[in-house]
Amino acid sequence: MSKVFTKSATDDVWSGNVLLDSIAGQSIGILIPSTQLTFAQAEYEAGLMAWRLQNAQSLRVTSRGWGVKAGQNCMGEAGISPVTVAPNDILTVYPLPVDGTAQKSNVLAWVRTTKGVELFKAKAVADNTATAMKTAVNDQTLGDAFFNSTLQSISVQCEDGCTLDSIQIIDEMGGVVFTAQGNVRGATTPAAKSNEYNLDLPRLAIGIGKGWSFKVITVSE
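Figured I'd write up the structure that's included with this text. These numbers come from a predicted model, not from an experiment.

Examining the overall build of the chain
For the chain, the count of helices and strands is two helices and 18 strands. Of the contacts made within the chain by residues no fewer than 6 positions apart, 68% connect residues no fewer than 24 positions apart. Approximately 10700 Å² of the chain is accessible, and the part contributed by carbon and sulfur atoms is 48%.

Given below as structure tokens:
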């Protein structure tokens, strides 16, 4: 069984961006409670977008991922870890537009640690400039949000056409603790590995200290 959920979403917020069934106009928890989900495909018109499955009462997030530009979805990337829909669950999205300014880009990242998972963002990132990402909701740095935890994974999505040169984990003294190179994404870019992410690091084990930051270096289209 497959269902389609839609929303004319507002940029730069989770609040109010609840997807509803295209036929019945109901949220996912009301429409298909106790159903196991094994894949999810999300699309946006332009820019970039994160999605999550969340319990509206407890706020617990049980699944999350990336949207892709409309027309570039691939079932090969749509698989998710099996999750059972609870009656209070809702699907929400967090979109950002293309920045629109020359040599600047918008970036999102899912960051998972032993303390939990948060969406990070950086807006109007200047080309070739290491720029700190902060939590999308509370505007906290990596060290503020996850001090004394272990970084387990990072997945980064840049706006359409943007190249992620690299990411950096920076300690309180400004030293580079960890760095990794990124890529482009999207079906129209020959070098791209994925339509969903510019970088995906699923197996990390880096202790996070107070005052640490997570930075991205990008190159716009």
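Here we look at the layout of surface pockets
Taken as a whole, the largest pocket encloses approximately 900 Å³ of empty space. Along its surface, the largest pocket is lined by 33 residues, and Lys3, Phe5, Leu19, Gln41 and Ala42 are the ones closest to its centre. Breaking the lining of the largest pocket down by element, the ones donating at least two residues are strand E1 (5–6), strand E3 (36–39), strand E4 (43–44), strand E5 (48–55) and strand E9 (89–96). For the lining of the largest pocket, a count of residues per class yields 20 nonpolar, eight polar and five charged. Of the volumes computed, that of the second largest pocket is approximately 660 Å³. Lining the second largest pocket are 26 residues, and of these Arg64, Gly65, Trp66, Ser155 and Asp200 lie nearest its centre. Counting residues per element, the ones that place at least two in the lining of the second largest pocket are strand E6 (61–66), strand E8 (79–84), strand E10 (104–113), strand E13 (150–158) and strand E16 (199–201).

Some remarks on the environment of Phe178
Residue position: Phe178 is located in strand E15 (residues 176–181). Placed 72 residues apart in sequence, Phe178 and Asn106 show a C-alpha to C-alpha distance of 22 Å. For Phe178, the contacting residues outside a window of four places in its chain are Ile167, Gln168, Ile169, Leu201, Leu204 and Ile206.

Examining the packing of aromatic side chains
One pass over the full model with this rule turns up five aromatic pairs. Arranged with centres 6.1 Å apart and planes meeting at 35 degrees, the rings of Trp14 and Trp110 form a pair that is tilted. Note that Trp14 is positioned in the loop between E1 and strand E2 (20–21) and Trp110 in strand E10, a separation of 96 residues in sequence. A residue is classified by how much of its surface remains accessible, and Trp14, at 8% relative accessible area, is buried. Overall, Trp110 belongs to the buried group, its relative accessible area being 9%. When the ring centre of Trp110 is taken as reference, the NZ or CZ atom of Arg64 above it lies at 5.9 Å.

What counts and how
Residues numbered from 1 in each chain as written. Predicted model: local features only at pLDDT ≥ 70, side-chain atom pairs only at ≥ 80, totals over all residues. Heavy atoms only, no water. Helix = DSSP H or I, 4+ residues; strand = E, 2+ residues; numbered from the N terminus. Contact = heavy atoms within 4.5 Å. Areas by Shrake-Rupley, 256 points an atom, 1.4 Å probe, with all protein chains shown as cover. 1 Å grid on protein atoms, 1.4 Å probe; cavity = no way out; pocket = protein on both sides within 12 Å on 5 of 7 lines; lining within 4 Å. Points joined across faces, edges and corners; volume = space filled by probe spheres on them. Nonpolar A, V, L, I, M, F, W, Y, C, P; charged D, E, K, R; others polar. Phe/Tyr/Trp six-rings, centres within 6.5 Å; stacked < 30°, edge-to-face > 60°. Buried < 20%, exposed > 50% of the residue type's maximum accessible area, 1.4 Å probe, protein only. Lys NZ or Arg CZ within 6 Å of the ring centre and 35° of its normal.

Keep in mind these values describe shape, not function.
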